[in-house]
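# Observations on the model geometry
Spelled out from the first residue to the last, the chains are:
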Amino acid sequence: MGGHAGGDVASSIAIGELAPLDGEAHGSDALEHLEQAIHRAHKRMHQRVDEDPELSGMGTTITALLRSGDRLALAHIGDSRAYVLSGDKFTQVTRDHTFVQWLIDQGRITPEEADVHPQRSVVMRVLGDVDADDEIDSSVREAKVGDRWLLCSDGLSGFVSDETLERTLSDAETPDDCADQLIQLALRAGGQDNITCIVADVVDASSAPGTTPQVVGAAAANRKRTSVAEGSPAAKAAALERAADQSPDDEDDDTHDERPRSRTLGATVAGIGILAVLVAAALFGYRWSQQQFFVGADAQDVAIYRGLSQDVGPVKLSRLYEKQDIPLDTLPSVWRDRVSSGIPADDLGHARQIVNTLLQRSTLCEAVEPTPAPTAAPTATPTPAPPTPAPTGAGTAAAAPTATPGVSPSGSAAATTPAPAPSAPFPTPIPTNSRGQVLPAGCSG
């Protein structure tokens, strides 16, 4: 279970209990034996956490298929999946134990909405030391010759559509080719999660190849960790694989000395040829990866990267191409999470379209109303003074001319009132956002 402490330890413990089941000695009890092994793994996980509290919270999903004769026992918990292609009919056999699947079952969202739901990764049931329901879905099915089964984690089913899964299972010649093609499809779709993919064909017993149980993935890598105690189920499974890998040649050094020189030389030439092919494939893959683009995070800002968002071991498959002036903390949480995980783009133009979309979602584009321009105060107009009366004589009145604003001495009107002063010019307000920043180019409003 990615993101939780000790996910590889939980996976290793589960594999350690399941691997010894491989064989024919189950009969009608195959399903019961499968369920018992999973419950033992669950109990063992709790014991490990008691021994090492740092592993608290570890867990794993399980989708297991056990053949017994012409029957297949299936056990499932979590969000990994089992599919079967039977003739022309492609079916998802398991049901996801996730929050979004519960919402679908309740009729609250559609399957299409579940694909982009922000809580699509929330698992309701899981095996491990977590506060979740550990009830297992189990069933028995008929093993029909010609059927092709696919067991996978959500690192595949979350990035490759059911239609593409069906077409690939139908077209691929062998299970090996099919599994390789499916993993490549998930990587091209920008898969960020671990990808587990198992493809198995139901064939007639007379033509079935010999098989040896193998411990792979996180469970195999975990054999190098000291957190797996000697004598644990995981250690037993690892020992089982080592014993199966040993050949008679390993036990008799004389046999090595007696090998013909031509055989040794042929093996050396074949090894060099295989190495050359692998190197060429790696170079081709790297060159192809550098033609890809995605939108991701550079420190606290949005950026465009060239390459793939996932790395291969110590090899980094991406480099910074363009840094954008969009802080992550200005994006809604859903978009911030998508950027942190990496948003794949078809090409550079598509990547810039994604950046423009992020800019529209960013609070940098939230404009505030500009402050209105102040209105100029009106200019006061002088009030005319009243006329001054002339001195009174002996019963006669003499009208002395008085200088009255707006009236000439001769009595004719004169426009002497000054015009109001023009208002001072005020600049056009510049739109800003809620942070007081000028709206960036590309923002509407």
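Everything numeric in this text was worked out from a predicted model, so none of it was measured.

### Structural notes on the packing of aromatic side chains
- Applying the stated criterion to the full structure yields four aromatic pairs.
- Consider the rings of Tyr-83 and Phe-90, whose centres lie 5.1 Å apart with planes at 5 degrees: the pair is stacked.
- On the basis of relative accessibility, which here comes to 17%, the residue Phe-90 falls in the buried class.
- Consider the rings of Phe-99 and Trp-102, whose centres lie 6.1 Å apart with planes at 20 degrees: the pair is stacked. Taken as a pair, Phe-99 and Trp-102 lie in helix H3 (residues 99–105) at a separation of three residues, close to a single helical turn.
- Sitting over the ring of Trp-335, Arg-338 keeps its end group 5.2 Å from the ring centre.

### Things to note about the pattern of salt bridges
- Counting across every chain of the model gives eleven salt bridges.
- For Arg-44, the salt bridge is made with Glu-51, and the minimal N-O distance between the two is 3.5 Å.
- When its relative accessible area of 13% is taken as the criterion, Arg-44 is described as buried.
- Between Arg-81 and Asp-96 there is a salt bridge whose closest N-O contact spans 2.6 Å. Pair noted here: Arg-81 is in strand E4 (residues 81–86) and Asp-96 is in the loop between strand E5 (89–92) and H3, with a separation of 15 residues, a long-range link. With respect to burial, Arg-81 and Asp-96 carry one shared label: buried.
- Through salt bridges that share partners, Arg-44, Arg-48 and Glu-51 make up one connected network.

### A word on the sheet that holds strand E12 (residues 318–327)
- Within the open sheet, the four strands sit side by side as E12-E11-E10-E13. Their pairing is antiparallel. The outermost strands of the open sheet, each flanked by one partner alone, are E12 and strand E13 (343–345). Taking each pair of neighbouring strands and ignoring which way they run, the sheet shows an average axis angle of 30 degrees.
- As paired strands, strand E10 (residues 293–298) and E13 are joined by three bridges and run antiparallel to one another. Bridging from a neighbouring strand, Phe-293 pairs with Ala-345 of E13.

Definitions and cut-offs
- Residues numbered from 1 in each chain as written.
- Predicted model: local features only at pLDDT ≥ 70, side-chain atom pairs only at ≥ 80, totals over all residues.
- Heavy atoms only, no water.
- Phe/Tyr/Trp six-rings, centres within 6.5 Å; stacked < 30°, edge-to-face > 60°.
- Buried < 20%, exposed > 50% of the residue type's maximum accessible area, 1.4 Å probe, protein only.
- Helix = DSSP H or I, 4+ residues; strand = E, 2+ residues; numbered from the N terminus.
- Lys NZ or Arg CZ within 6 Å of the ring centre and 35° of its normal.
- Salt bridge = Lys/Arg side-chain N within 4 Å of Asp/Glu carboxyl O.
- Pairing = 2+ DSSP bridges.
- Axes fitted to C-alpha atoms, helices over the stretch in contact; angles between N-to-C directions.

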